[in-house]
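The chain contents come next:
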Amino acid sequence: MALFRRKTPQVVGRGSGRQAPPERKTRTVGGEVVEIARFKAPPEEPAKTKKSGKPQSKTTKTTKTTKSPDRNRNRTRSGNGRSGEGTATRRGPRAQPEVITPPETGRKQMIVRRLPHQTQIVVMEGPVLVEHYVARSDRKSLIGNVYLGKVRNVLPGMEAAFVDFGEGKNGVLYAADVQYDSDGNGRSGRPRIEKALKNGDTIMVQVVKDAMGHKGARLTNEVSLAGRHLVLVPDAEDRGGISRRLPDDERRRLRTLVNEARPKGYGVIVRTAALGATKEDVARDIKLLQQLWGEIQAAAKSASAPALLYREPPLVIRVIREHFTSDFKRLIVDDQETEAEIRAYLEATDPDLLKRVESYRDEIPVFERYHVEDQLRKALDRNVWLPSGGHIVIEPTEALTVIDVNTGRFVGRSNLEETVLQNNLESAEEIARQLRLRDIGGIIVIDFIDMESEKNRRAVLRKLQEELAKDKSRTQVSEVSSFGLVEMTRKHVSEGLVETFSEVCPTCSGRGLLLHEDAAALGDPIPRSSDSQAARKG
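Residues numbered from 1 in each chain as written. Predicted model: local features only at pLDDT ≥ 70, side-chain atom pairs only at ≥ 80, totals over all residues. Heavy atoms only, no water.

Trainee: Looking at this structure, I do not really get helix α5 (residues 279-302). What am I missing?
Mentor: Turn by turn, an α-helix covers 3.6 residues, leaving residues three or four places apart pointing in a common direction. The terminal C-alpha atoms of α5, which comprises 24 residues, lie 36 Å apart, in line with the 34 Å expected from a rise of 1.5 Å per residue. When we look at burial in α5, the residues that qualify are Asp281, Val282, Asp285, Ile286, Leu289, Leu292, Trp293, Ile296 and Ala300. (Helix = DSSP H or I, 4+ residues; strand = E, 2+ residues; numbered from the N terminus. Expected span 1.5 Å × (residues − 1). Buried < 20%, exposed > 50% of the residue type's maximum accessible area, 1.4 Å probe, protein only.)

Trainee: Quick question: what am I supposed to make of the sheet that holds strand β15 (residues 240-242) here?
Mentor: A sheet is described by the order of its strands in space; here four strands give the open sequence β13-β14-β16-β15, paired in mixed fashion. Strands with a single pairing partner mark the edges of an open sheet, and in this sheet they are β13 (225-226) and β15. In the sheet, strand β14 (residues 230-234) pairs with strand β16 (residues 266-270) via five bridges, with the strands oriented antiparallel. Looking at β16, one finds that valine 231 is bridged to isoleucine 269. Relative to the sheet, α5 contacts β13, β14 and β16, its axis offset from that of β14 by approximately 40°. (Pairing = 2+ DSSP bridges. Contact = heavy atoms within 4.5 Å. Axes fitted to C-alpha atoms, helices over the stretch in contact; angles between N-to-C directions.)

Trainee: Help me understand the packing of helix α6 (residues 315-323) against helix α7 (residues 336-349) in this model?
Mentor: To characterise two packed helices, one gives the angle between the axes of the helices and the distance between these axes. Packing of α6 against α7 brings their axes to within 10 Å, and their N-to-C directions diverge by 40°. It follows from the interaxial angle that α6 and α7 lie oblique. You can see that α6 and α7 cross each other, and the crossing is right-handed. On α7, the residues that touch Val316, Ile317, Ile320 and Arg321 of α6 are Thr338, Glu341, Ile342, Tyr345 and Leu346. Across the contact of α6 with α7, the residue classes break down as six nonpolar, one polar and two charged. (Parallel < 35°, antiparallel > 145°, perpendicular 65-115°, else oblique. Left-handed = near helix turned anticlockwise from the far one by under 90°. Nonpolar A, V, L, I, M, F, W, Y, C, P; charged D, E, K, R; others polar.)

Trainee: Which parts of the structure should I look at to understand the sheet that holds strand β22 (residues 400-406)?
Mentor: Two orientations exist for strands paired in a sheet by backbone hydrogen bonds: parallel and antiparallel. Strand order across the open sheet formed by six strands is β20-β21-β22-β23-β25-β24, with mixed pairing between neighbours. With one partner strand each, in any of the chains shown, β20 (383-385) and β24 (475-477) form the two edges of the open sheet. On average, each strand axis in the sheet is tilted by 20° relative to the strand beside it, whichever way the strands run. Here β22 pairs with strand β23 (residues 442-447) via five bridges, running parallel. For leucine 400, the partnering residue across the bridge sits in β23 and is isoleucine 443.

The following block contains the structure:
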């Protein structure tokens, strides 16, 4: 019995001459179309023949399955293959050029719970918890504080200096974060760190990132003072900008107001909260921040390093300054003293929002009343279940955070590709929410389920970018790779939710494993799990 049916090959192209295209034929073998291409070697040139001394074969015969010839060219242009002989193009994360508008969200509200040992603030979109902030009495954030520090060590090889600013560990100050004056020749090249700073120098610094783990706080010499509607940057007239989250018409209007009110020698950055701000609002913010900068400079003249020159307001005021806008329907507070502080701040900066502040005096705790407790417990788990039955697994490591997407109990209805697409779209939305809620930063790798369709890959990436557009922290997302992986980064300035409410396991030192070292080194038998548990209990 014949397995294959012989057919006459069909000629699909012929050519002749030096630049002739290859002669192609197609055959059908076992139900698969196979293309045979015959290439003719160009006539030899006498000059080249003497140099090479090697005869060339007249014909070269290759066999391959039929594919579009344009596909390889497109892959080369997009950076997936080699762009030239001997060189390879590495595709890394690229900043998205377009401003992606976040989708419509549910009713937004902010809830503040005050306890003797900590203050918690959560943001809800409808009934869903999306953001969480906490200030503990035993662990305070230093971000935004301004200090007069003393240089303790300059490391030219790291292009950094360690500065004692009076808060435990020395902070690190990189060369790129040091302000300097250009020389008289107008050259603007940045000097090396060892020329800009010396051991024992006194320098004004601001904390931009809290100390985490074994790393000290990150410092900058370029002080910026945040107000309700804008950020003032002293001694940096070239620094400025307007939030890209604002509409184009609003950006043009605010640019005109800022140009009229900006003082000489200062940079001004307009925040998203400036939406609808009047000329008087902008001028009032600039005046208050100028006065604050004057007070900091006066304190620096009389202080001896290390010393605190300016402390940021409490967490509640900072969160309201950064996030509470007209998009919120209400702000619920369960403490009278905290409510009074909030009302005093809004009265001075944005009186229109005072009517949205509400007191909570119910017997049921406010977090229990709005189902925040249950959602916080789930946010501490490594597994996150999706409404359809799929789930994602979030695994933090030393260098990055890995997120794995699984279908779980979700089996779909039509076909595998459609099932995977729906699961990935649902996961993209949930991943963006978990990054905000858990405050996960640094490098993040997402392992979506593989999809064959390029259109589906773009749809999942677009969905992730739209959901990330709600995030106030800066993010950068790469394209979906052929393995379904997405690499992204998220700005990390403080400890996340899990790190704040956890401690390293004393038994395994955070590895999640019980190592049997004697079994490996001495050959002792590995104890059973029941014996190990009994030994630990005993």
